Amino acid sequence: LPIHIPGDTEKRATNIVLVDGVKVFIGDVPLALLLRLVVELFKNKRGIISRSKLINTGFIKAGSEFQSVGRLRQTFRIALGNISPEEFIETCEHKSIRLSSHPSFISYDREKLLHHRNEKIRRLARRLP
């Protein structure tokens, strides 16, 4: 599915992500996690990142890593059609996860993300190609 991260917001902390043209509303914390998965996907085509690395870098909290990933998956349920949230964000070997997409299906407005109110999102935007 095509994923577009336009860097647009509604209200104070609601970001818009388009998945196959469907608007998904997402908070800053889950958006940062999604962007971290996107950054990893552009870094290496498999896009696999360990949960422990996500904990150590502050993207998910220790002890609630399954809840954090589960909430992110459920956020996209309405836009996934026949794809399950568990297929969209896959659990991989060695307690790792990945966004199951190809980088060519992901687009974003880097300029808007570079000016996002959330520092973590701005830092991730700098890492996007």
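Residues numbered from 1 in each chain as written. Predicted model: local features only at pLDDT ≥ 70, side-chain atom pairs only at ≥ 80, totals over all residues. Heavy atoms only, no water.

Caption draft 1: Looking closely at the pairing of strand β3 (residues 14–19). Bridge count between strand β1 (residues 3–5) and β3: two bridges; the pairing is antiparallel. Residue pairing for β3: I3 is matched across the bridge by V19. One ladder, built from two bridges, connects strand β2 (residues 9–10) with β3; its direction is antiparallel. In the strand pairing of β3, T9 is matched with N15. Linkage of β2 to β3, two consecutive antiparallel strands, is achieved through a turn of three residues, within which K11 is found at a positive phi near 60°. As judged from the five bridges shared by β3 and strand β4 (residues 22–26), these two strands associate in the antiparallel manner. Paired with V17 across the two strands is V24, which belongs to β4. Hairpin connection from β3 to β4: two residues lie between these consecutive antiparallel strands, with D20 at a positive phi of about 55°. (Pairing = 2+ DSSP bridges. Helix = DSSP H or I, 4+ residues; strand = E, 2+ residues; numbered from the N terminus.)

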